[in-house]
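# Commentary on secondary and tertiary structure
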Amino acid sequence: MAEVALKIEAPVAHVWDVLADGWSYGGWVVGASHIRDVDTGWPKPGTRIHHSVGPWPLVIQDVTEVVRCEAPKLLELDARLWPAGAARITFSLRALSESLTEVRMTERAVRGPSTLLPNVVQDLLLTPRNKETLQRLGDLARGRG
């Protein structure tokens, strides 16, 4: 399981606001190229973001579904990416102070060919991407101040 963490200079509420805005995912999730639709009620369990991944014209259209939501501290997602399979992604938020939030992101392959990769290989592939994803999330959260 790939796990990264980042301390973001923003209150938990600002970080959560970015996570709770499904339309923002194209701006901070590395690899997401276009958000086509967001189900009403996002991020309630069972709601989905309908997204595109990859550079045009090699775009893959798929969905990410909320598995668990405990606002404002936890969001667990089932991110699908055919033909690679799907990953379980969890964002955990913890207030370190009124203006500092630790965000922990974990990701692991749960379905499809990606599950055949050894954990160490998954970590090598996912960790740099997920570090950049958290940096972008942090930039948006700081901008909400």
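See the structure printed just above.
Residues numbered from 1 in each chain as written. Predicted model: local features only at pLDDT ≥ 70, side-chain atom pairs only at ≥ 80, totals over all residues. Heavy atoms only, no water.

Let's shift gears to the packing of helix H1 (residues 12–19) against helix H3 (residues 119–143). One can describe the packing of H1 onto H3 by two numbers: an axis separation of 8 Å at closest approach and a directional angle of 115°. At the point where H1 passes H3, the crossing takes the right-handed sense. Facing H1, whose interface residues are His 14, Val 15, Val 18 and Leu 19, H3 presents Leu 137, Leu 140 and Ala 141. Taken together, the residues of the contact of H1 with H3 sort by class into 6 nonpolar, 1 polar and no charged. (Axes fitted to C-alpha atoms, helices over the stretch in contact; angles between N-to-C directions. Helix = DSSP H or I, 4+ residues; strand = E, 2+ residues; numbered from the N terminus. Left-handed = near helix turned anticlockwise from the far one by under 90°. Contact = heavy atoms within 4.5 Å. Nonpolar A, V, L, I, M, F, W, Y, C, P; charged D, E, K, R; others polar.)

Should the charged atoms of two oppositely charged side chains come close, the side chains can pair. On inspection of all chains with the given rule, the structure shows 15 salt bridges. Ionic pairing is found between Arg 80 and Asp 78, a salt bridge with its closest N-O pair at 3.0 Å. Taking relative accessible area as the criterion, Arg 80 reaches 22% and is therefore assigned partly exposed. For Arg 104, the salt bridge identified is with Glu 102, shortest N-O distance 3.4 Å. For Glu 102, a relative accessible area of 12% corresponds to the buried category. Salt bridges linked by common partners bring Arg 48, Glu 65, Arg 68, Glu 70, Glu 76, Asp 78, Arg 80, Arg 88 and Arg 111 together as one network. (Salt bridge = Lys/Arg side-chain N within 4 Å of Asp/Glu carboxyl O. Buried < 20%, exposed > 50% of the residue type's maximum accessible area, 1.4 Å probe, protein only.)

What is shown is where atoms sit, not what they do.
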